[in-house]
Amino acid sequence: MNKFKMAVCQLKQYYQKEEIIRKAEKSINEAAKNGAQVIVLGECWNALYTKKYLNLHAELAEEDKDSHSYTFMKRIAKQNGVYLFGGSIPER
């Protein structure tokens, strides 16, 4: 059986999506630096878990100029050479 190292990043939520993504990037980079090959983010990792912010931070579920979280996840996973699971992202 092949073994691998996995990390789960539980992030503190902020009102600004940009701040959440900055914190996610720091956590993902740290996990990869510590040898994680698979990294998992929590449910609705990119938004405060309230109706107002879930709606405000909702994105298209495709790679697009309007899908900042998806584009971020793709970039940071490739940069670190890891498999990244984004929990869930609120969608429009």
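Basis of the calculations
- Residues numbered from 1 in each chain as written.
- Predicted model: local features only at pLDDT ≥ 70, side-chain atom pairs only at ≥ 80, totals over all residues.
- Heavy atoms only, no water.
- Buried < 20%, exposed > 50% of the residue type's maximum accessible area, 1.4 Å probe, protein only.
- Helix = DSSP H or I, 4+ residues; strand = E, 2+ residues; numbered from the N terminus.
- Pairing = 2+ DSSP bridges.
- Right-handed = clockwise from strand over helix to strand, strands pointing away.
- Axes fitted to C-alpha atoms, helices over the stretch in contact; angles between N-to-C directions.
- Parallel < 35°, antiparallel > 145°, perpendicular 65-115°, else oblique.
- Left-handed = near helix turned anticlockwise from the far one by under 90°.
- Contact = heavy atoms within 4.5 Å.
- Nonpolar A, V, L, I, M, F, W, Y, C, P; charged D, E, K, R; others polar.
- Salt bridge = Lys/Arg side-chain N within 4 Å of Asp/Glu carboxyl O.

S.K.: Sorry if this is basic, but what is going on with the pairing of strand β1 (residues 6-9) here?
M.R.: In regular strands, side chains alternate between the two faces of the sheet. Residues of β1 alternate between two faces, with Ala7 and Cys9 buried on one and Met6 and Val8 left unburied on the opposite face. Where β1 meets strand β2 (residues 38-41), 4 bridges bridge the pair, whose relative direction is parallel. Across the sheet, Ala7 pairs through a bridge with Ile39, a residue of β2. Taken together, β1, helix α1 (residues 17-33) and β2 form a β-α-β motif whose crossover is right-handed.

S.K.: Would you explain the packing of α1 against helix α3 (residues 68-80) in this entry?
M.R.: Between two packed helices, both the angle of their axes relative to each other and the distance between the axes serve to describe the pair. With their axes 11 Å apart at the nearest point, α1 and α3 run at an angle of 20° to one another. Taken together, the axes of α1 and α3 lie roughly parallel to each other. Crossing handedness for the pair α1 and α3: right-handed. Each of Lys17, Ile21, Ala24, Glu25, Ile28, Asn29 and Ala32 in α1 lies in contact with α3, whose residues at this interface are His68, Ser69, Phe72, Arg75, Ile76, Gln79 and Asn80. Residue composition of the contact of α1 with α3, by class: 6 nonpolar, 5 polar and 3 charged.

S.K.: When you look at the sheet that holds β1 in this model, what are you seeing that I'm missing?
M.R.: As a general point, the strands of a sheet are linked pairwise by backbone hydrogen bonds and lie either parallel or antiparallel. Spatial ordering of the open sheet is given by β1-β2-β3, a layout of 3 strands whose pairing is parallel. In the strand order of this sheet, the two ends are held by β1 and β3 (83-85), each with one partner. With direction set aside, neighbouring strand axes in the sheet form an average angle of 15°.

S.K.: Explanation requested: the pattern of salt bridges in the structure shown.
M.R.: Opposite charge on two side chains permits pairing when their charged atoms draw close. With the rule as written, the count across this model stands at 4 salt bridges. Glu19 is the salt-bridge partner of Arg22, the closest N and O atoms lying 2.7 Å from each other. Placement of both Arg22 and Glu19 in helix α1 is noted, with a separation of 3 residues, approximately one turn of the helix. Across the pair Glu25 and Arg75 runs a salt bridge, and its minimum N-O distance is 3.5 Å. Of this pair, Glu25 sits in helix α1 while Arg75 sits in helix α3, placing them 50 residues apart in sequence. Arg75 sits in the partly exposed class, given a relative accessible area of 39%. One salt-bridge network, in which partners are shared between bridges, spans Glu19, Arg22 and Lys23.

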